[in-house]
Amino acid sequence: MQVNKYPTVVLLLAIILFTISCGSSTTTKDHPAYHNPAVQPFTDSIEAEPGNAAYYFRRAEALANMDLDSLALEDVRTAQELDKTNPQYNFTIGYLLLELDKPQEAVKVLLQNLEQSPGNVNVRLLLAKAYIAVRNPAAAEEQVTKILAAAPQHIPAQMMEARIKAAQKDTTGAIQMMKNVLAADPRNYEASFLLADWYK
């Protein structure tokens, strides 16, 4: 009597494929930095609750503090996938993209962030910075103008306005604006540094 071996082969293949798929779903990407003493507690929390967006975000903060922005970006993106309602995640993604010299990508993410938080001044300022980086000072100025229309004495917005003038090659205008900032905030060291740089 001839025994049909094909069902057995099919069954073995199914078992192998099932094992592989299970392994890939439970295996998470690892990196030595995840086991740094400052990061390990968050890695442990992620292993315990892989669906918790907050743990990925906290680990991203720890990684960014170690200047590991690429790894931090991966974690924040995971957090954003797990919780698309938290505007802080998109903001942080935009910030990290700028730090990684990817301003065009940052603009896209921050525009989405602005839809989530249209009244958030920090989003508008970071978006303006991204627009300057992609050589679109007019779009940057539009964001800063909206801030200053609501809060004319907003120092960070005034400083960004000076940066925009510098990007437009209006060094004289940039210097005057930064002088106005320092008149209102004499201990603003960033403003002092920029002013000294523009005087060169």
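Located above this text is the structure these notes cover.
Structural notes, computed from the coordinates.

Cut-offs and rules
Residues numbered from 1 in each chain as written. Predicted model: local features only at pLDDT ≥ 70, side-chain atom pairs only at ≥ 80, totals over all residues. Heavy atoms only, no water. Axes fitted to C-alpha atoms, helices over the stretch in contact; angles between N-to-C directions. Helix = DSSP H or I, 4+ residues; strand = E, 2+ residues; numbered from the N terminus. Parallel < 35°, antiparallel > 145°, perpendicular 65-115°, else oblique. Left-handed = near helix turned anticlockwise from the far one by under 90°. Contact = heavy atoms within 4.5 Å. Expected span 1.5 Å × (residues − 1). Buried < 20%, exposed > 50% of the residue type's maximum accessible area, 1.4 Å probe, protein only. Polar contact = N/O pair within 3.5 Å; in protein donor to acceptor, adjacent residues only side chain to side chain.

Description of the packing of helix α5 (residues 87-99) against helix α7 (residues 121-133)
Part 1 of the reasoning: Packing of α5 against α7 leaves a shortest axis separation of 11 Å and a crossing angle of 30°. Taken as axis vectors, α5 and α7 run roughly parallel relative to one another. You can see that α5 and α7 cross each other, and the crossing is left-handed. Judged by residue contacts, Phe 91, Gly 94, Tyr 95 and Leu 98 of α5 engage Asn 122, Val 123, Leu 126, Lys 129, Ala 130 and Ala 133 from α7.

Overview of unusual backbone geometry
Part 1 of the reasoning: One non-glycine residue, Asp 67, adopts positive backbone phi at about 65°.
Part 2 of the reasoning: The residue Asp 67 is located in the loop between α3 (53-65) and α4 (69-82) in this model.

What to know about α5
Part 1 of the reasoning: Helix length check: α5 (13 residues) gives 19 Å between terminal C-alpha atoms against 18 Å at 1.5 Å per residue, within 8%.
Part 2 of the reasoning: Taken together, the buried positions of α5 are Tyr 89, Asn 90, Thr 92, Ile 93, Gly 94, Leu 96, Leu 97 and Leu 98.
Part 3 of the reasoning: Looking at the buried positions of α5, the neighbouring elements they touch are α3, α4, α6 (103-116) and α7.
Part 4 of the reasoning: Two or three places before Gln 88, at the opening of α5, Asn 86 has a side-chain oxygen 2.9 Å from that residue's backbone nitrogen.

Read these as layout, nothing more, since geometry by itself doesn't imply function.
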